[in-house]
Amino acid sequence: MMLGFPVLMAYQFLCVYDNHGHFLLPDSLGDLGPWAGRMAQRYWEIAAPSWAGARIYLGFTFFMVSLAYVCPGPVMYGYKLPSLNGQRLAYKCNALWSWWTAVITSLVLHFTGLFRLTQIIDNLGPIMSVAMLWSFFLAAAVYAVTAARGKKHRASGNFIYDYCMGVCLNPRLGSLDMKLFTELRVPWPALFFISLSCAFKQYEQLGYVTPELVFMVLAHWLYANACNKGEECVITSWDIFYELESWYLLFWNLAGVPFSYCYTSIYVLQNGPMGFSIGWNVMCFTLLLVGYFFWDTGNSQRNRFRMYWNNTLIKRNAFPQLPKSFIKDAKFLQTRHGNKLLIDGWYAYVRKPHYTADLVMSLSWGLIAGFGSFFPYFYLTFFLIVLVHRVGRDDARCARKYGSDWDLYMKTVPWKFIPYIY
């Protein structure tokens, strides 16, 4: 993974950014070695780490770090942690204020000419390279500090494996929880700013922004805004409660998400205007918005159900507030293990409605670009593989944990993604 992911990202970047979304292939099997050399040389020419890339990426990162310390927000508490003798960690949930501050600041910088957002797409390769290097460095720092303090968790004893999969459960810098920060406050806002940069670049080139890029800016704004407005819901998730801060998580959050999920935006910038019919665009926007509604409300239903029984539920009026986000007196199955399994709202029909909605949104991200390239569908393809694997893993884990209670739950809600189909 530590070699394959960076190489894959570099290859896809060259295909989309430098070759209009077409695959770059060797002329023959014998050309494989020289072709790899040409690819490496070209990547170095247009995407080598640069001071400009470092200033943009690290400047954004440390700006978001500073906002995490100073912006207002409620203090929430996570699950009781066995590793801390049942202690609950406090989380200052000010991601929403940080997000909107970052958006407003970026627009002020752009329109005053102090920092034109088009510099992001102009320097995207160097920024991506800096992001990858930064994730390697940060993972090494987390590992080294954790080892020096003698607080490694679930370590295997194999350095490479432990560096990749992590040994630190709750890395913190004062009140800043690094795992929560790197999951929400860098990847999705960065993805939005890449798409926004593409839109401003297209306006410079054409004098207007095409429906396809308007769609992508909206899609990435919705996703980033939802992640940050629902920050208090994330602190009870499996990622925060159990997963270790690792190279894998850091690399994917800090580099993989923003620079692998942006291919549609780059593709429609490079190849636009696409000239699709009004009907096609309306269909794509409809898929996006319907998918978003069920994704946002589905995540809210399950997380606020947990928060209600964890006595941490609070009311927030973050925009947009959608109906069906909270189920009063929700039905559930009580397990002998002590946990409650939600069987109400969207979860009365399928076990993973938020995954289904997420896949619908990711499909719309590809369809808005048409069928001229695979890369706008990379997110959908990758996400589908990850989710199918994750659902299978979760089912197996829950079957071990809940036993016959899980069998009853499976009978009560037999469908995973789509009622009566799958």
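These numbers come from a predicted model, not from an experiment. (Residues numbered from 1 in each chain as written. Predicted model: local features only at pLDDT ≥ 70, side-chain atom pairs only at ≥ 80, totals over all residues. Heavy atoms only, no water.)

Q: Which residues make up the overall build of the protein chain, and what are the values?
A: Helices and strands together make up the secondary structure of the protein chain, namely 18 helices and six strands. Radius of gyration (C-alpha) of the protein chain: 22 Å, near the 22 Å computed for a compact globule of 422 residues. Overall, the protein chain is about 60 × 55 × 50 Å in size when its C-alpha atoms are taken along their principal axes. Here the protein chain, with 422 residues, has 53% of them falling under the buried criterion. Across the protein chain, the fraction of contacts at a sequence separation of at least 24, relative to all contacts at a separation of at least 6, is 78%. (Helix = DSSP H or I, 4+ residues; strand = E, 2+ residues; numbered from the N terminus. Rg over C-alpha atoms; globule rule 2.2 N^0.38 Å. Buried < 20%, exposed > 50% of the residue type's maximum accessible area, 1.4 Å probe, protein only. Contact = heavy atoms within 4.5 Å.)

Q: Outline the nonpolar core, supporting the account with residue identities and numerical values.
A: Among the nonpolar cores identified, the biggest contains 119 residues, and Tyr 57, Phe 192, Phe 259, Tyr 261 and Trp 365 are the most heavily contacted of them. Those residues in contact with Tyr 57 that sit more than four places away from it in its chain are Ile 127, Val 130, Ala 131, Trp 134, Val 186, Leu 254 and Phe 259. Grouped together as the second largest cluster of nonpolar side chains are eight residues, Leu 341, Ile 343, Cys 398 and Tyr 409 included. (Core = buried A, V, L, I, M, F, W, Y, C linked by side-chain atoms within 4.5 Å.)

Q: Give a detailed account of a nonpolar patch on the surface, specifying residues and quantitative values.
A: The grouping of Leu 384, Val 388, Ile 418, Tyr 420, Ile 421 and Tyr 422 at the surface amounts to a nonpolar patch, some 640 Å² of accessible area in total. For Ile 421, the location among the structural elements is in the segment after helix 18 (404–412). (Patch = residues over 30% accessible without salt bridge, like charges linked within 9 Å, V, L, I, M, F, W, Y side chains within 5 Å. Areas by Shrake-Rupley, 256 points an atom, 1.4 Å probe, with all protein chains shown as cover. Salt bridge = Lys/Arg side-chain N within 4 Å of Asp/Glu carboxyl O.)

Q: So what's going on with the pairing of strand 2 (residues 87–92)? Which residues, and what values?
A: Pairing of strand 1 (residues 75–81) with strand 2 involves five bridges; the strand directions are antiparallel. Across the sheet, the residue bridging to Val 75 is Lys 92, located in strand 2. Connecting strand 1 to the next strand, strand 2, in antiparallel fashion are five residues, including Asn 85 with a positive phi near 55°. (Pairing = 2+ DSSP bridges.)

Q: Residue-level account of the side chain of Asn 170, with values.
A: Secondary-structure assignment places Asn 170 in the loop between helix 7 (159–165) and strand 3 (172–173). We classify Asn 170 as buried; its relative accessible area is 18%. In contact with Asn 170, other than residues within four places in its own chain, are Leu 81, Leu 89, Tyr 91 and Ile 240.

Q: Please provide a residue-by-residue account of the packing of helix 9 (residues 187–206) against helix 13 (residues 247–260), values included.
A: Viewed as axis vectors pointing N to C, helix 9 and helix 13 meet at an angle of 30°, and their least axial separation amounts to 8 Å. The angle between helix 9 and helix 13 falls in the class roughly parallel. Crossing handedness for the pair helix 9 and helix 13: right-handed. Where helix 9 abuts helix 13, its residues Pro 187, Trp 188, Ala 190, Leu 191 and Ile 194 lie against Asn 253, Val 257, Pro 258 and Phe 259. Within the contact of helix 9 with helix 13, the residues separate by chemical class into eight nonpolar, one polar and no charged. (Axes fitted to C-alpha atoms, helices over the stretch in contact; angles between N-to-C directions. Parallel < 35°, antiparallel > 145°, perpendicular 65-115°, else oblique. Left-handed = near helix turned anticlockwise from the far one by under 90°. Nonpolar A, V, L, I, M, F, W, Y, C, P; charged D, E, K, R; others polar.)

Q: How would you explain empty space enclosed by the protein if you had to name every residue and give the values?
A: A full pass over the atoms with the stated rule returns three cavities of 30 Å³ or more. Of the pockets and cavities examined, the largest cavity occupies roughly 100 Å³. The set of elements that each furnish at least two residues to the lining of the largest cavity consists of strand 2, strand 4 (176–177) and helix 8 (178–184). Ranked by residue count, the leading element in the lining of the largest cavity is strand 2, at three residues. Looking at side-chain class alone, the lining of the largest cavity contains six nonpolar, two polar and five charged residues. (1 Å grid on protein atoms, 1.4 Å probe; cavity = no way out; pocket = protein on both sides within 12 Å on 5 of 7 lines; lining within 4 Å. Points joined across faces, edges and corners; volume = space filled by probe spheres on them.)

Q: Outline helix 13, supporting the account with residue identities and numerical values.
A: Its 14 residues give helix 13 an end-to-end C-alpha distance of only 17 Å, which falls more than 12% under 20 Å, the value for a rise of 1.5 Å per residue. Among the 14 residues in helix 13, 13 count as buried, and that is most of the element. (Expected span 1.5 Å × (residues − 1).)

Q: Tell me about the environment of Gly 174, residues and numbers included.
A: Mapped onto the elements of the fold, Gly 174 is located in the loop between strand 3 and strand 4. Considering only alpha carbons, one finds Gly 174 and Tyr 69, 105 residues apart in sequence, at a separation of 9.1 Å.

Q: Could you give me a rundown of unusual backbone geometry, with the residues and numbers involved?
A: Following Gly 272, the chain continues to Pro 273 via a peptide bond in cis, the omega torsion being 0°. Take Pro 273: it is sitting in the loop between helix 14 (263–271) and helix 15 (278–309). In this structure, the amide linkage connecting Phe 319 to the following residue, Pro 320, adopts the cis form with an omega of -10°. Mapped onto the secondary structure, Pro 320 falls in the loop between helix 15 and strand 5 (332–334). In the Ramachandran plot, Tyr 420 falls in the positive-phi region, its phi being about 70° despite a non-glycine side chain.

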